[in-house]
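Letter by letter, the chains look like this.
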Amino acid sequence: MAAQIEHQEIGELACWRIRHRGAQLLIAEQGAQLLSYQRDDAPPLIWLSEQAEYRRGQGLRGGVPVCWPWFGALERNPEEIQAQYRGRSAPAHGLVRTLDWRLEDIRQDDDTVSIEFVFDSREQPLPDWPHAVELRLMIRLDQRLHLQLTSRNHGTHPLFISQALHSYFAVSDIHQVQVEGLHGCRYIETLEDWQARLQQGPVTFNGETDRIYLGVPSQLSIRDPRWQRRIHLLSSGSHSAVVWNPWIGKSRYLSQFAEDAWTGMLCIETANVLEDRIELPPQGAHTLGLSLWESPLD
Ligand SMILES: O=P(O)(O)OC[C@H]1O[C@H](O)[C@H](O)[C@@H](O)[C@@H]1O
């Protein structure tokens, strides 16, 4: 059965809505940002803020923003990543989440539909970041959702990047959910002076959470007892992940974020950060991959 693929202008943004075999995706060309993903008869898997603003040149709260060529605050990144930026004030989460990417291709067969976006700094130079890189984001939907972000260095010197697929997940109630798969991992507690800690058991939430996990295995999951489901994340090309919930206090300062929105979302950001940063030799490429699906709780 053919997918339904529709171009829509939402606010100031060009978007694509895709319906295929009981699943729906919404994607903005700006930032090549996946905005929502939901399967029929199930709550959304990806969270999108009810206060999201569809404005050009501005980040949109929710979905899966692409953080690149650095994650978070530039000054918290390894020296060689900082050295590649020539500007004075560096935006959080890099340079491409608020820029237009080019739609490269939409393809489908009976089982799969895929849409690919390209951002090439040789065609569209990045402000204060004079390096030649081609970025491709492939979003593919079958029974699961797959994202693949490929960076290719077209320059003559090695490049260093940190990055993340900053996924916002929808949950029934943050107090009840657990993130599974991180037991035994080291993490950096960014809210307490970036101290190094060790995760014991599953991650539960009872306050603001902003942690960088290192040595992360490829499979993680979110256990959601009230919605009787588990969301599965399978990553490739990544050994670090950021787990974030702003809780009550920080929510007040977040843009496009309802006062109680923190109860129904959490971020697990599939990343290459800190010691897991990527070195791209001339002509070298790296692919960061994430597959998502849900299953009923047993
Ligand atoms: O508000 P943003 O720039 O989109 O960032 C939202 C959040 O992203 C990451 O999860 C960081 O670890 C948080 O510290 C940050 O607050």
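Residues numbered from 1 in each chain as written. Predicted model: local features only at pLDDT ≥ 70, side-chain atom pairs only at ≥ 80, totals over all residues. Heavy atoms only, no water.

Structural notes on the packing of aromatic side chains
(1) Moving on: Taken as a whole and judged by the stated rule, the model has eight aromatic pairs.
(2) Moving on: Centre to centre, the rings of Trp47 and Tyr168 are 5.6 Å apart; their planes meet at 25°, and the pair counts as stacked. You can see Trp47 sitting in the loop between strand E4 (33–39) and strand E5 (66–67) and its partner Tyr168 sitting in strand E11 (residues 163–170), a full 121 residues away along the chain.
(3) Moving on: For Trp47, a relative accessible area of 11% gives the class buried.
(4) Moving on: Both rings, one in Tyr187 and one in Tyr213, keep their centres 4.9 Å apart while their planes meet at 40°; by these two values the pair is tilted. A residue pair is termed long-range when its members are at least 10 positions apart, and Tyr187 in strand E13 (residues 186–189) and Tyr213 in strand E15 (residues 209–214) qualify at 26 residues.
(5) Moving on: Every member of this aromatic cluster is reached through a ring pair, and the members are Trp47, Tyr168, Trp244 and Phe257.
(6) Moving on: A cation over a ring is seen here: Arg76 above Trp194, with NZ or CZ 4.1 Å from the ring centre. (Phe/Tyr/Trp six-rings, centres within 6.5 Å; stacked < 30°, edge-to-face > 60°. Helix = DSSP H or I, 4+ residues; strand = E, 2+ residues; numbered from the N terminus. Buried < 20%, exposed > 50% of the residue type's maximum accessible area, 1.4 Å probe, protein only. Lys NZ or Arg CZ within 6 Å of the ring centre and 35° of its normal.)

Side note on the environment of Ala52
(1) Moving on: As for its placement among the helices and strands, Ala52 is situated in the loop between E4 and E5.
(2) Moving on: What makes Ala52 buried here is its relative accessible area of 15%.
(3) Moving on: Separated by 206 residues in the primary sequence, Ala52 and Ala258 place their C-alpha atoms 9.6 Å from one another.
(4) Moving on: For Ala52, the residues in contact, after removing those within four places along its chain, are Leu60, Arg61 and Gln256. (Contact = heavy atoms within 4.5 Å.)

Topic: the UniProt feature "active site" (unreviewed entry) in the chain
(1) Moving on: Mapped onto this numbering, the UniProt entry annotates "active site" (unreviewed entry) at His166 and Glu269. In terms of the greatest pairwise C-alpha distance, the residues named above, spread along 104 residues, form a tight cluster of at most 4.4 Å across. Filtering the just-named annotated residues for those lining the largest pocket gives His166 and Glu269.
(2) Moving on: Relative to the assigned elements, His166 resides in strand E11. (UniProt positions renumbered as here; feature names shortened; annotations may be inferred. 1 Å grid on protein atoms, 1.4 Å probe; cavity = no way out; pocket = protein on both sides within 12 Å on 5 of 7 lines; lining within 4 Å.)

Observations regarding the pairing of strand E1 (residues 4–10)
(1) Moving on: Pairing analysis gives seven bridges linking E1 to strand E2 (residues 13–20), with the strands arranged antiparallel. The residue of E2 that forms the bridge with Glu9 is Ala14.
(2) Moving on: Remark: two residues form the turn of the hairpin made by E1 and E2, two consecutive strands paired antiparallel; Gly11 in that turn has positive phi of roughly 55°. (Pairing = 2+ DSSP bridges.)

Considerations on the site of the ligand
(1) Moving on: In the region of the ligand, the neighbouring residues are Arg61, Phe71, His93, Arg97, His166, Asp210, Val242, Trp244, Lys250 and Glu269.
(2) Moving on: Between the ligand and His166 there is a distance of 2.8 Å, counted from an oxygen atom to a side-chain nitrogen or oxygen.
(3) Moving on: In this structure, Asp210 approaches the ligand through a side-chain N or O atom, which is 2.5 Å from an oxygen atom.
(4) Moving on: Against a free-state accessible area of 390 Å², the protein chains account for coverage of 79% of the ligand.
(5) Moving on: Spatially, the ligand is embedded in the largest pocket.
(6) Moving on: Its residues placed into classes, the shell around the ligand shows three nonpolar, two polar and five charged. (Near = heavy atom within 4 Å. Polar contact = N/O pair within 3.5 Å; in protein donor to acceptor, adjacent residues only side chain to side chain. Areas by Shrake-Rupley, 256 points an atom, 1.4 Å probe, with all protein chains shown as cover. Sits in = over half its atoms within 2 Å of the grid points. Nonpolar A, V, L, I, M, F, W, Y, C, P; charged D, E, K, R; others polar.)

Topic: unusual backbone geometry
(1) Moving on: For the bond from Trp68 to Pro69, the omega torsion is 0°, close enough to zero to count as cis.
(2) Moving on: Here Pro69 lies in the loop between E5 and helix H1 (79–82).
(3) Moving on: The backbone phi angle of Ala32 is positive, close to 45°, even though this residue is not glycine.
(4) Moving on: In this fold, Ala32 is placed in the loop between strand E3 (23–28) and E4.
(5) Moving on: At Gln228, a position not held by glycine, the phi torsion is positive, near 50°.
(6) Moving on: In this fold, Gln228 is placed in the loop between strand E16 (219–224) and strand E17 (229–236).
(7) Moving on: A relative accessible area of 45% places Gln228 in the partly exposed class.

A short note on the pairing of strand E14 (residues 195–198)
(1) Moving on: When E13 meets E14, the two strands line up antiparallel, connected through four bridges. Bridge pairing in E14 places Tyr187 opposite Arg197.
(2) Moving on: Linking E13 back to E14 in an antiparallel pair, the connection comprises five residues, with Asp193 at a positive phi of about 60°.

Looking at the sheet that holds E1
(1) Moving on: The four strands are arranged E1-E2-E3-E4 in an open sheet whose pairing can be described as antiparallel. Since the sheet does not close on itself, it has two edges, and those belong to E1 and E4, each with one partner. The average undirected angle you get between the axes of adjacent strands in this sheet is 15°.
(2) Moving on: Where E2 and E3 come together, six bridges link them in antiparallel fashion. Residue Trp16 lies in a different strand from E3, and its bridge partner there is Ile27. (Axes fitted to C-alpha atoms, helices over the stretch in contact; angles between N-to-C directions.)

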